[in-house]
Amino acid sequence: MTSENGTTNWRTFVHRRSELIMPLILVVVAAVLGIGSLRMRVLGDTVPGPQFVPLMLAVLILAVAICLTIVVIRQPELPAHELSRLTKAEFSHDMLHDFAELSPAADSTMNTSSAARSRAPATDASPRSSTHSVNAARPSSETDAPSAQQPRFHSDWVTLLGVIAAVLGFIIILNPLGWILSAAALFWVVARLLGSRRPALDIGVALLVSSIVQLTFGGLLGLALPAGFIGGL
Amino acid sequence: MDQLSLLMDGFTSALTPMHLLFVIIGAALGTAVGVLPGLGSSMAVALLLPITFALDPTAAFIMFAGVYFGGLFGDSTAGILLNTPGQSSAIASTFEGHRMAKDGRAAVALATAAIGAFIGGLIATTLVVFFSPWLVKLATMFGPAEYFALAVFAFLAISSVVSESVIRGLGALFIGVALSLVGIDGPSGTERFTFDVPQLFDGIDIVVITVGLLAVGEVFHVASRIRRDPLTAHAQAGGIARMSLADFRKALPAWLRGTAFGAPFGLIPAGGAEVPTFLAYGTEKRLATRRRDQEFGRTGSIRGLAAPEAAGNATAGTALGTLLALGLPTSATAAILLAAFQQYGMQPGPLLFERSGDLVWTLLASLFIGLVVLLAINLLLAPAWARLLRIPHHYLYAGIIIVAMLGIYAISASIVDLLILAALGFLGFLMRRYSMPIAPLLIGVILGPLAETELRRALAVSEGDPMILVSSPITITVYCFLAIALLITSAQHLRHSRADKQANRTLAN
């Protein structure tokens, strides 16, 4: 493991294994299930009782969490298949590959795992694979040669946290301000965060969309939406 | 035969203005959702679930069926025109479809896709109509152990056999089952995992879970990537879709072959239309090599597009039939449809045909009507759908999140539900970021309660003897199939990883 800088290595190691949050979530779920089952105030006398499945599940989840941790530590990030943008890991690329008898390099819409792994990140031939990453090009701090070439799925945390904050903000202002205003605000903020370049026009669009939605759902289908202070006017 | 007269009754009920309206709305919505990449019919059905509270069941299911099939009609449009399939069920169609478009034959390609989808759906629905009594009879032979075996098969097939990573698939599945455990336990009345929050006594609403994971999760995912991946869309629409008689004759056998692949898969919990469409494509490819077809893989072979399209819709047709007759969802979208039934207090399966027979037959009749409507709008309005692809993505996703929030709040007026929605949306983002498949989670949530109830029932009957789970011929068959499927999958993964290691070694040298 050659490295010029000890801390860079450690940080890259953890960075590339940020997927470890998933086993962590699994462990938390298993803990909730386990502790919840043991502390459950059982009513009735069904056999097997209500604790049976949760406890079994807790054990299974722990097993999966351990396996997943091992998998993630040994092989950071799955290969960047072209397919994965669409199937999003739902379908086995190997299996689909076999069924369709796809040849490795011929098809322009798909890349096999071997082609993806060996491709250097900067020289991407396929037009649709735009998951470049600055970090993957760092030369000497990578531990294993093949995976050093894998492009990383960088998340744009700024935009993401902005959208999440917008959603939480919406939840807070919904009751006081009513549907039309809150939804319009949410629409405007999200559209802006996602790249809209016409903030003034968007105000109109936002109000239009939220009013249409209120009319269709509220009016035609009779679902009740909060009116906020406007309803009181 | 009994089925024909029941079907005729269904038609009389389906041809009312109200129901026809919902056929058209469903078809239009479904096609729109299918055309737009990044949306899918499962997300659309999830977003429409809240509406079910305001509609009568027949109208709601007619609309859902329209959305379900519509998605399969529209998904190839963007694939053909832009090399970007609208849903994963259209990936196999995109290979030859886009090649045809590049060769200047986009109109023919669009027509082939639409007619293929129509034929696949038509034949599958006809099969469902005539075979439903047998399916229902088969279902009556199922006891708790058999249902548990089917649930386990669905769990493992979708999380392990067809998914990319077995471990992650199982993780998603187990999280789904865990989510379904929140609430009051049916058989005993015990409170489970409610943390004394009153809104959780009824469990986490399935609508919140589906909308959160599929819609809100997708918006969060797009938010995290939209500035990195430029989502370009420059479609060249070219007049209405049409094809010549010669093309029609070329495509017809391929359509029929595709249907033959697709129809059986609706019965198998293999996660949806992806597997049969790829199988159909592979077959056409093999036949093309044997025929020394010059077009396949170069200028675009009409057969390479026709077969997968027909296969996808055939699967959807029989999947709907399996859902209605057996109560077994074979894909994520079917699972959400099952949840919709449960919202109405109906349980698909043999009892559904008995108790709500008129709903079932009206629904089946509207499927036929819906297929005709879909064929018409996809052939005649092809340019309009292509133009739909120009909606700016920031408006599209902002709109989706509004509809999601609205749907959830409108049905429960609960801030707790909105918070759970946001949390599940974040989980949906994490799952997409870390390649954890979502379909197993949905199957886990929806089939989890059924699996648990049947397991406890079976064990109660046998007084704790676990052997009851593998003692009947049906359960043994199911578990054997499962074992074989798991073996084949492991062999496949092993073979590919060995090939990859070999390739890496040769490249390193």
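No experiment lies behind these values; they were computed from the predicted model shown.

To continue, consider the overall build of chain A. Helix and strand content of chain A: 11 helices and zero strands. The secondary structure elements of chain A, listed N-terminal to C-terminal, are α-α-α-α-α-α-α-α-α-α-α. Taken across its 233 residues, chain A has 45% of its residues classed as buried. Contacts in chain A between residues at least 24 apart in sequence constitute 60% of all its contacts with a sequence separation of at least 6. Summing over all exposed atoms, chain A offers an accessible surface of approximately 11500 Å²; the carbon and sulfur share of this is 69%.

The next subject is the environment of Gln 75 of chain A. Residue and element names in this part refer to chain A. Structurally, Gln 75 is set in the loop between α3 (52–74) and α4 (84–87). Gln 75 sits in the partly exposed class, given a relative accessible area of 30%. Once the C-alpha coordinates of Gln 75 and Arg 17 are considered, the two residues, 58 residues apart in sequence, prove to be 8.5 Å apart.

Here we take up the pattern of salt bridges. All names here are of chain B. Overall, the coordinates contain 12 salt bridges over all chains when judged by the stated rule. The shortest N-O distance in the salt bridge between Arg 99 and Glu 96 comes to 2.7 Å. Taken together, the residues Arg 99 and Glu 96, both in helix α5 (residues 91–102) and three residues apart, mark about one turn of the helix. Since its relative accessible area comes to 14%, Arg 99 is described here as buried. Among the residues examined, Glu 96 registers a relative accessible area of 0% and is labelled buried. Residue Arg 457 pairs with Glu 454 through a salt bridge whose shortest N-O separation is 3.7 Å. Placement of both Arg 457 and Glu 454 in helix α19 (residues 439–461) is noted, with a separation of three residues, approximately one turn of the helix. Given the relative accessible area of 9%, Glu 454 is considered buried. The structure contains a network of salt bridges with shared partners spanning Asp 103, Arg 105, Lys 250 and Glu 295.

Bringing the confidence of the model for chain B into the picture now. With 97% of its residues at a pLDDT of at least 70, chain B reaches an overall mean of 86. As scored by the predictor, the complex reaches a pTM of 0.81 and an ipTM of 0.81.

Turning our attention to the interface of chain B and chain A. Often, the extent of an interface is quoted as the loss of accessible area on bringing the components together. Across the contact, 99 residues belong to chain B and 103 residues belong to chain A. When chain B packs against chain A, close to 9100 Å² is buried across both sides, 69% of that on carbon and sulfur atoms. Taken together, the connections running from chain B to chain A amount to one salt bridge. Arg 168 of chain B is the partner of Glu 19 of chain A in a salt bridge, and the nearest nitrogen-oxygen pair spans 2.6 Å. With 12 residues, helix α17 (residues 393–412) of chain B is the single largest residue contributor to the side of chain B that touches chain A. When its residues are assigned to classes, the side of chain B that touches chain A shows 61 nonpolar, 18 polar and 20 charged.

Moving on to the environment of Pro 308 of chain B. All names here are of chain B. With respect to the element layout, Pro 308 can be found in helix α12 (residues 302–326). Separated by 40 residues in the primary sequence, Pro 308 and Ile 268 place their C-alpha atoms 18 Å from one another. Setting aside residues no more than four positions away along its own chain, Pro 308 makes contact with Ala 92, Ser 93, Thr 277, Ala 280, Tyr 281 and Arg 303.

It is worth spelling out unusual backbone geometry at this point. Residue and element names in this part refer to chain B. In the Ramachandran plot, Asn 83 falls in the positive-phi region, its phi being about 60° despite a non-glycine side chain. Looking at where Asn 83 falls in the secondary structure, it is placed in the loop between α4 (57–82) and α5. Positive phi outside glycine occurs at Phe 193, with the angle close to 55°. Positionally, Phe 193 belongs in the loop between β2 (191–192) and α9 (206–225). Of the residues examined, Phe 193 reaches a relative accessible area of 9% and is grouped as buried.

A few words on the packing of aromatic side chains. All names here are of chain B. For the coordinates displayed, the defined rule picks out 15 aromatic pairs over all chains. On the numbers, 4.9 Å between centres and 50° between planes, the contact of Phe 95 with Tyr 281 is tilted. On the criterion of sequence distance, the pair formed by Phe 95 in helix α5 and Tyr 281 in helix α11 (residues 274–291) is long-range, its members being 186 residues apart. Pair check on accessibility: Phe 95 and Tyr 281 agree, each one buried. Taking the centre distance of 5.9 Å and the plane angle of 35° together, the rings of Phe 426 and Phe 429 count as tilted. In this pair, Phe 426 and Phe 429 both sit in helix α18 (residues 415–433), three residues apart, roughly one turn of the helix. One aromatic cluster is present, built from ring pairs that chain together Phe 61, Phe 64, Phe 341 and Tyr 344.

Cut-offs applied
Residues numbered from 1 in each chain as written. Chains lettered and ligands numbered in written order. Predicted model: local features only at pLDDT ≥ 70, side-chain atom pairs only at ≥ 80, totals over all residues. Heavy atoms only, no water. Helix = DSSP H or I, 4+ residues; strand = E, 2+ residues; numbered from the N terminus. Buried < 20%, exposed > 50% of the residue type's maximum accessible area, 1.4 Å probe, protein only. Contact = heavy atoms within 4.5 Å. Areas by Shrake-Rupley, 256 points an atom, 1.4 Å probe, with all protein chains shown as cover. Salt bridge = Lys/Arg side-chain N within 4 Å of Asp/Glu carboxyl O. pLDDT = per-residue confidence, 0-100. Buried area = accessible area lost by both parts, 1.4 Å probe. Nonpolar A, V, L, I, M, F, W, Y, C, P; charged D, E, K, R; others polar. Phe/Tyr/Trp six-rings, centres within 6.5 Å; stacked < 30°, edge-to-face > 60°.

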